[in-house]
Amino acid sequence: MHYRRLGNSGLKVSEIALGSWLTYGGSVEAASAEAVIHKAYELGINYFDTANMYARGEAERIVGRALASYDRDSYVLGTKVYFDMGDGPNDRGLSRKHIMEQCNASLRRLGVDYIDLYYCHRYDGNTPLEETLRAMDDLITQGKVLYAGISEWNAGQIADACGLAKQLNFDPIVVNQPEYNMFTRSIEKEVVPMCEEKGIGQVVFSPLAHGVLTGKYRKGETPPPGTRAANPEHNHWIKSQGLLSERRLDQIEQLQGIANRNGISMPQLALAWNLRLPNVASCIIGATRPEQVEQNASAAGIRLSPEDLAEIEGILA
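Residues numbered from 1 in each chain as written. Predicted model: local features only at pLDDT ≥ 70, side-chain atom pairs only at ≥ 80, totals over all residues. Heavy atoms only, no water.

Thoughts on the overall build of the protein chain
Okay, so step 1: Within the protein chain one finds 11 helices and 10 strands.
Okay, so step 2: Burial analysis of the protein chain (317 residues in total) assigns 55% to the buried set.
Okay, so step 3: Looking at the protein chain alone, contacts between residues at least 24 apart form 77% of all its contacts between residues at least 6 apart.
Okay, so step 4: Element-wise, carbon and sulfur atoms account for 46% of the exposed surface of the protein chain, whose accessible area totals about 13500 Å². (Helix = DSSP H or I, 4+ residues; strand = E, 2+ residues; numbered from the N terminus. Buried < 20%, exposed > 50% of the residue type's maximum accessible area, 1.4 Å probe, protein only. Contact = heavy atoms within 4.5 Å. Areas by Shrake-Rupley, 256 points an atom, 1.4 Å probe, with all protein chains shown as cover.)

Next up, the structure:
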C-alpha cells in the first residue's frame, strides 16, 4: 500500500480507502462486510469511511465492530453529519445542536473515543456558517474529532468557510470528499484549485463510477445478476448519470485496451487515473467481497505514463 499526506495536514491516508455507502447494513450482510474490512486492513488500507445516515446508523455499527479488533491508533476513521436521522425539525442539517448530538451518537455506534475525519456531509444554507464551523472547532477542542472535513461543497462555499475559519482562528478544514471519476469531473475546474490553495486534500468517492468503470457491463447485454446496475434499489445513480449509455460503454471498451496494454485491470486503470492528481489523497472503494478489495488495493502505486494519460483524455473528450 502507498500513503499520501491529506492536504497540508500531517495525516497520511492509504491511496485506496474502504467505504460503506450502499453496502454495509444494506445489501451486504454484516459478516460479509466485516470480512471485507478485515481484508482491507490486512492489505494496508488504513482509512475507513462511513456516515451516520448510511442505513440510519447500522453501517457505523458494523464498521465499529470490525475495527474493534485493531489498535485504535492504527487506522483512520471518517464519518459524516448533515442528513436526516429522525423526523424532528432538528434531526438534519449543520446546526450546533444536530452536529453535537450526531457526533456523540456516531461515537457510540462506532465504539470509539474520537473520530479522525468528521465531515459536513453537505452545505447547509439554513444555518449560519459560523455556527457550523464553531461547533466543529469545539469538537476538535474536546478531542472528539481530530480533523474537520466537508463533502460536496462548491468552490465558493469552501472559500467562505476557509476565510471565516482563519478569521476566527478555528482549526482549518483539511479534507473534501467529492464524487470524482473519469465520467464525473466537475471538481477539476474550480474545487481542486481552490482546495490546493487552501491546503485541503481530496478523498474521492465513486472512483469507479458506481462500478461501471470495472468493465463488467457490455453493450447489448443485460447487467449481470448481483451487480449494482441489476439492483433496482441501488441503480438510481447509474441510470440518472447515463453511465450505461452506448457512448459510455464504447469509451470503456477503448479504455480496456489501454488497461490490457499495461497489464492491469480496468479498476486499476480507473483508480490510477484518479490518483494522477497530487491533490487526490485517496480513492474510496466499495466492496461486497474480500477479493474485490484485493484487486482494487493493488491499484496503489500504479502510475500511468504521459502517453497513456493523453490517450485517455482523448477517449473521454
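So, the state of the cysteines
Okay, so step 1: If you walk through the whole model with that rule in mind, you get zero disulfides.
Okay, so step 2: No disulfide involves Cys-195; its sulfur sits 7.3 Å from that of Cys-162, the nearest cysteine.
Okay, so step 3: A relative accessible area of 0% places Cys-195 in the buried class. (Disulfide = S-S within 2.5 Å.)

Examining the pairing of strand β7 (residues 145-150)
Okay, so step 1: Strand direction decides the pairing type here: strand β6 (residues 115-120) and β7, joined by five bridges, are parallel. Looking at the pairing, Ile-115 lines up with Val-145 of β7.
Okay, so step 2: With respect to chirality, the unit in which β6 leads through helix α4 (residues 129-142) into the neighbouring parallel β7 is right-handed.
Okay, so step 3: Of the pairings in the sheet, the one linking β7 to strand β8 (residues 173-176) comprises three bridges and is parallel in character. In the sheet register, Ala-148 faces β8, and the bridge partner there is Ile-173. (Pairing = 2+ DSSP bridges. Right-handed = clockwise from strand over helix to strand, strands pointing away.)

Some words on the packing of aromatic side chains
Okay, so step 1: One pass over the structure, following the stated rule, counts five aromatic pairs.
Okay, so step 2: When the centroid spacing of 4.9 Å and the interplanar angle of 90 degrees are considered together, the rings of Tyr-82 and Phe-83 count as edge-to-face.
Okay, so step 3: Assessed through its relative accessible area of 12%, Tyr-82 is described here as buried.
Okay, so step 4: For the ring pair Tyr-123 and Trp-153, a centre distance of 4.9 Å and an interplane angle of 85 degrees mean the geometry is edge-to-face. Here the residue Tyr-123 occupies a position in the loop between β6 and α4, and Trp-153 occupies one in the loop between β7 and α5 (155-167), the gap between them amounting to 30 residues.
Okay, so step 5: Overall, Trp-153 belongs to the buried group, its relative accessible area being 3%.
Okay, so step 6: Sitting over the ring of Tyr-114, Arg-72 keeps its end group 4.0 Å from the ring centre.
Okay, so step 7: The cationic tip of Arg-276 hangs over the ring face of Trp-273; the distance from NZ or CZ to the ring centre is 3.8 Å. (Phe/Tyr/Trp six-rings, centres within 6.5 Å; stacked < 30°, edge-to-face > 60°. Lys NZ or Arg CZ within 6 Å of the ring centre and 35° of its normal.)

Focus on the side chain of His-121
Okay, so step 1: Structurally, the position occupied by His-121 is in the loop between β6 and α4.
Okay, so step 2: With sequence-adjacent residues up to four places away left out, His-121 is seen in contact with Ala-51, Met-53, Tyr-54, Lys-80, Val-81, Tyr-82, Phe-83 and Ser-151.

Considering the environment of Gln-268
Okay, so step 1: Checked against the element boundaries, Gln-268 lands in helix α9 (residues 266-274).
Okay, so step 2: Between the C-alpha atoms of Gln-268 and Ala-297, which are 29 residues apart in sequence, the distance is 8.4 Å.
Okay, so step 3: Contact partners of Gln-268, with chain neighbours within four places excluded, come to Gln-295, Ser-298, Ala-299 and Ile-302.

Digging into the pattern of salt bridges
Okay, so step 1: Going through the model one piece at a time under the given rule, you end up with 19 salt bridges.
Okay, so step 2: Residues Arg-185 and Glu-313 are paired through a salt bridge, measuring 3.0 Å at the closest nitrogen-oxygen approach. Of this pair, Arg-185 sits in the loop between β8 and α6 (191-198) while Glu-313 sits in helix α11 (residues 306-316); the two residues are 128 residues apart in sequence, bridging distant segments of the chain.
Okay, so step 3: For Arg-185, a relative accessible area of 21% translates into the label partly exposed.
Okay, so step 4: Close ionic contact of Arg-276 with Glu-188 constitutes a salt bridge, the shortest N to O distance being 3.1 Å. Highlighted residues: Arg-276 in the loop between α9 and β10 (280-285) and Glu-188 in the loop between β8 and α6, separated in sequence by 88 residues.
Okay, so step 5: Residue classification places Arg-276 among the partly exposed positions, given a relative accessible area of 27%.
Okay, so step 6: Note on Glu-188: relative accessible area 25%, which makes it partly exposed.
Okay, so step 7: Because the salt bridges share partners, they merge into one network encompassing Arg-185, Glu-188, Arg-276 and Glu-313. (Salt bridge = Lys/Arg side-chain N within 4 Å of Asp/Glu carboxyl O.)

Description of empty space enclosed by the protein
Okay, so step 1: On inspection of all chains with the given rule, the structure shows three cavities of 30 Å³ or more.
Okay, so step 2: Taken as a whole, the largest cavity holds about 80 Å³ of empty space.
Okay, so step 3: Along the wall of the largest cavity there are 13 residues; nearest its centre are Leu-133, Met-136, Ala-148, Asp-171 and Ile-173.
Okay, so step 4: Broken down by secondary-structure element, the contributors of at least two residues to the lining of the largest cavity are α4 and β7.
Okay, so step 5: Per-element accounting of the lining of the largest cavity gives the leading share, four residues, to α4. (1 Å grid on protein atoms, 1.4 Å probe; cavity = no way out; pocket = protein on both sides within 12 Å on 5 of 7 lines; lining within 4 Å. Points joined across faces, edges and corners; volume = space filled by probe spheres on them.)

Focus: the nonpolar core
Okay, so step 1: Ranked by size, the top nonpolar core spans 84 residues in total, and within it Leu-18, Leu-213 and Leu-269 carry the most contacts.
Okay, so step 2: Those residues within four positions of Leu-269 in sequence are excluded, and the remaining contacts are Met-182, Leu-255, Ile-258, Ala-259, Ile-264, Leu-304 and Ile-312.
Okay, so step 3: Leu-11, Val-13, Leu-117 and Ala-281 belong to the second largest nonpolar core, which has 13 residues in total. (Core = buried A, V, L, I, M, F, W, Y, C linked by side-chain atoms within 4.5 Å.)

Quick word on the side chain of Asn-181
Okay, so step 1: The topology assignment puts Asn-181 in the loop between β8 and α6.
Okay, so step 2: A polar side-chain atom of Asn-181 sits 2.8 Å from the main-chain amide nitrogen of Phe-183.
Okay, so step 3: In terms of polar contacts, Asn-181 uses its side chain to reach the backbone amide nitrogen of Thr-184, at 2.9 Å.
Okay, so step 4: Setting aside anything within four residues of it in sequence, one finds Asn-181 in contact with Ser-206, Pro-207, Ala-209, Leu-213, Trp-273 and Asn-274. (Polar contact = N/O pair within 3.5 Å; in protein donor to acceptor, adjacent residues only side chain to side chain.)

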